[in-house]
Amino acid sequence: MRVASENSGIPTATVGVWIDAGSRYETAKNNGVAHFLEHMAFKGTAKRSQNSIELEVETLGAHLNAYTSREQTVYYAKCFSKDIPQAVEILSDILQNSTLGEQEIERERGVILREMQEVETNLQEVVFDYLHATAFQGTSLSQTILGPTENINSLQQQDLKDYVSNHYKAPRIVLAAAGGVDQQQLVELAEKNFTKFDGKYTGEIPTLPSARFTGSEMRLRDDGMPLAHVAIAVEGAGWANGDNIPLMVANTLIGSWDRSYGGGANMASSLAATCAKTNICHSFQSFNTCYTDTGLWGMYFVCEQNGVEDMVYYIQQEWKKLCVSVTDFEVQRAKNLLKTNMMLMLDGSTPICEDIGRQLLCYNRRISLQEIEARIDAVNASNLRETCLEYIYDKCPAVAAVGPTDCLPDYNYLRGGMYWLRI
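Residues numbered from 1 in each chain as written. Predicted model: local features only at pLDDT ≥ 70, side-chain atom pairs only at ≥ 80, totals over all residues. Heavy atoms only, no water.

### Description of the packing of aromatic side chains
Using the criterion set out here, one finds 10 aromatic pairs in the structure. With a centroid separation of 6.5 Å and 70° between ring planes, the pair formed by Phe42 and Tyr75 is classed as edge-to-face. Remark: Tyr75 occurs in strand β4 (residues 73-80) and Phe42 occurs in the loop between α1 (33-40) and α2 (50-60); sequence separation between them is 33 residues. Of the two residues examined, Phe42 and Tyr75, each falls in the buried class. Here the aromatic rings of Trp239 and Tyr363 are separated by 6.4 Å at their centres, their planes lie at 90°, and the arrangement is edge-to-face. Of this pair, Trp239 sits in the loop between β7 (228-235) and α9 (244-254) while Tyr363 is found in helix α13 (residues 349-363), placing the two residues 124 residues apart along the sequence. Tyr363 sits in the partly exposed class, given a relative accessible area of 23%. Here the aromatic cluster, defined as three or more aromatic residues joined through ring pairs, consists of Phe128, Phe287 and Tyr300. The side chain of Lys169 reaches across the aromatic face of Tyr201, ending 5.4 Å from its centre. The lysine or arginine in question, Arg172, covers the ring of Tyr25, its NZ or CZ lying 4.6 Å from the ring centre. (Phe/Tyr/Trp six-rings, centres within 6.5 Å; stacked < 30°, edge-to-face > 60°. Helix = DSSP H or I, 4+ residues; strand = E, 2+ residues; numbered from the N terminus. Buried < 20%, exposed > 50% of the residue type's maximum accessible area, 1.4 Å probe, protein only. Lys NZ or Arg CZ within 6 Å of the ring centre and 35° of its normal.)

And the structure:
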């Protein structure tokens, strides 16, 4: 088990446990179990009831939280620096000694089903789930984090216990902290409290399930909806891939825009300037989602029915410009913006703690800001064009769309827009 921290000398701290296990490690039969387990963690242990956990955390003035992603599960606490020993002890208790009671499991089914209904009203989440479902079809990365309704209704106590015994192992766990924290104290607390986590597997050691990108599409047409929500993406690079930094710069170069933010025709992002002038969309955002060995690089946009075809055209024109005609001036602007965004994202103990936990799982080390800056500075127009040619130009995209999508061109047209025929 790895222990890492960053001491900033402030009176508060964030301490958390990062586990290399998420929905990607599930099968079709138990999809949703990692998220279900995260819900069950706070429902009582062998020595603490749910009420006593809540009362103890409230008494400390602390916050206890958790979340599940496709590749990681995280449990963390925000508290005063002096309360770190108690926070670590609570975290270790809920992770090692959860009772996973039958009554609590039955009660939590309803909570998760309500959460699923809430997610279904967030159309951006829905579109991204569809995008994963079509882009990584036939692999575990296509599954949703919450799982299908039938799984939520059928998962039993033994399924939860099996998942813990198969995946919650010391080599796949990081104890991270940031704020007013002492590394030596944190190591001693880990040795004292996390005694049940070892590296021994009773059966076969789980390996990372392979992912396979498939250029394809998924559309849910509903002409009763006022706006179309569309995502289009190509396969990106994994966390440790050197091409990730140029793709991040390219992603920043395309940028994001929202009609409600204002901003006119002189905006630095040419796509944003086009949208401000023509008013063809409500908002768009470029994204670069990374996983261990693959990723999704693309664009999500929201627009009215009659703007969909034009929006797709302008996006693909911008992508092709990245591959053949982007200038050093544009790249330098995007690099400066990317560095600023990265600095702002590390403002506070919780984001720093998240950065430590995620990087140790992804890279097996903490990458300093200076190193990331140096990597960004090394990107120029020439190697950005090379990287974009490799990942974007003439590639089959994955497309997901919800709403009045009849104006979204057919897949062959979209595929044809990924390259230029020029003499």
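Further notes follow.
### Section: unusual backbone geometry
Positive phi, close to 50°, is recorded for Leu100, a residue that is not glycine. Relative to the helices and strands, Leu100 resides in the loop between α3 (84-96) and α4 (102-121). Positive phi values are uncommon outside glycine, yet Asp394 reaches one of about 60°. The residue Asp394 is located in the loop between α15 (381-391) and β11 (398-403) in this model.

### Section: the sheet that holds strand β6 (residues 217-221)
Spatial strand order, β6-β11-β7-β10-β9-β8: six strands in an open sheet with mixed pairing. In this open sheet, the two strands that pair with only one neighbour each are β6 and β8 (256-258). The average angle at which neighbouring strand axes cross in this sheet is 15°, direction not considered. Sheet topology places β6 next to β11; five bridges connect them, and they run parallel. (Pairing = 2+ DSSP bridges. Axes fitted to C-alpha atoms, helices over the stretch in contact; angles between N-to-C directions.)

### Details of the sheet that holds strand β5 (residues 173-179)
Strand order across the open sheet formed by five strands is β1-β5-β2-β4-β3, with mixed pairing between neighbours. The strands lining the two open edges of the sheet, one partner per strand, are β1 (2-7) and β3 (63-68). On average, each strand axis in the sheet is tilted by 15° relative to the strand beside it, whichever way the strands run. Where strand β2 (residues 12-19) and β4 come together, eight bridges link them in antiparallel fashion. In the strand pairing of β4, Ala13 is matched with Cys79.

### Observations regarding the pattern of salt bridges
Under the definition given, this model contains 22 salt bridges. For Asp198, the salt bridge identified is with Lys169, shortest N-O distance 3.9 Å. In this pair, Asp198 sits in the loop between α8 (183-193) and β6 while Lys169 sits in the loop between α7 (157-167) and β5, placing the two residues 29 residues apart along the sequence. For Lys169, a relative accessible area of 10% puts it in the buried group. (Salt bridge = Lys/Arg side-chain N within 4 Å of Asp/Glu carboxyl O.)

### Re the side chain of Thr134
In this structure, Thr134 sits in helix α5 (residues 123-135). Among all residues touching Thr134, those that are not within four sequence positions of it are Thr214, Ser216, Glu217, Met218, Ala398 and Val399. (Contact = heavy atoms within 4.5 Å.)

### Notes on the packing of helix α11 (residues 308-324) against α15
Interaxial distance between α11 and α15 falls to 6 Å at its minimum, and their mutual angle equals 125°. It follows that α11 is oblique to α15 by the angle criterion. Across the interface between the two elements, Leu322, Cys323 and Val324 of α11 pack against Leu384, Arg385, Cys388 and Leu389 of α15. Looking at the contact of α11 with α15, its residues break down into six nonpolar, no polar and one charged. (Parallel < 35°, antiparallel > 145°, perpendicular 65-115°, else oblique. Nonpolar A, V, L, I, M, F, W, Y, C, P; charged D, E, K, R; others polar.)

### Description of the nonpolar core
One finds Phe284, Phe301, Leu322 and Ile392 to be the most contacted residues of the largest nonpolar core, which totals 52 residues. The residues touching Ile392, leaving out its near neighbours within four places in the chain, are Val234, Trp297, Trp319, Leu322, Cys323 and Met418. Membership of the second largest hydrophobic core comes to 49 residues, among which are Val33, Met40, Leu60 and Ile152. (Core = buried A, V, L, I, M, F, W, Y, C linked by side-chain atoms within 4.5 Å.)

### Thoughts on the environment of Val187
Looking at the secondary structure, you find Val187 in helix α8. Considering only alpha carbons, one finds Val187 and Asn341, 154 residues apart in sequence, at a separation of 32 Å.

### Description of α3
The end-to-end C-alpha distance of α3 is 18 Å, a good match for the 18 Å that 13 residues give at a rise of 1.5 Å each. Within α3, the full set of buried residues consists of Ile84, Ala87, Val88, Glu89, Ile90, Leu91, Ser92, Asp93, Ile94, Leu95 and Gln96. Among the structural elements, β2, α2, β3, β4 and α8 are those in contact with the buried residues of α3. (Expected span 1.5 Å × (residues − 1).)

### A few points about the environment of Gln86
With respect to the helices, strands and loops of the structure, Gln86 is situated in helix α3. For the pair Gln86 and Glu56, spaced 30 residues apart in sequence, the C-alpha to C-alpha distance is 9.4 Å. When neighbours within four sequence positions are excluded, Gln86 is seen to be in contact with Glu56 and Leu60.

### So, the packing of α3 against α8
Relative orientation of the contacting elements α3 and α8 amounts to 35°, with a least axis distance of 10 Å. Our pair here, α3 against α8, has a crossing hand that is right-handed. The residues of α8 that touch α3, namely those facing Ile84, Pro85, Val88, Glu89, Ser92 and Gln96, are Gln185, Leu186, Leu189 and Asn193. For the contact of α3 with α8, a count of residues per class yields five nonpolar, four polar and one charged. (Left-handed = near helix turned anticlockwise from the far one by under 90°.)

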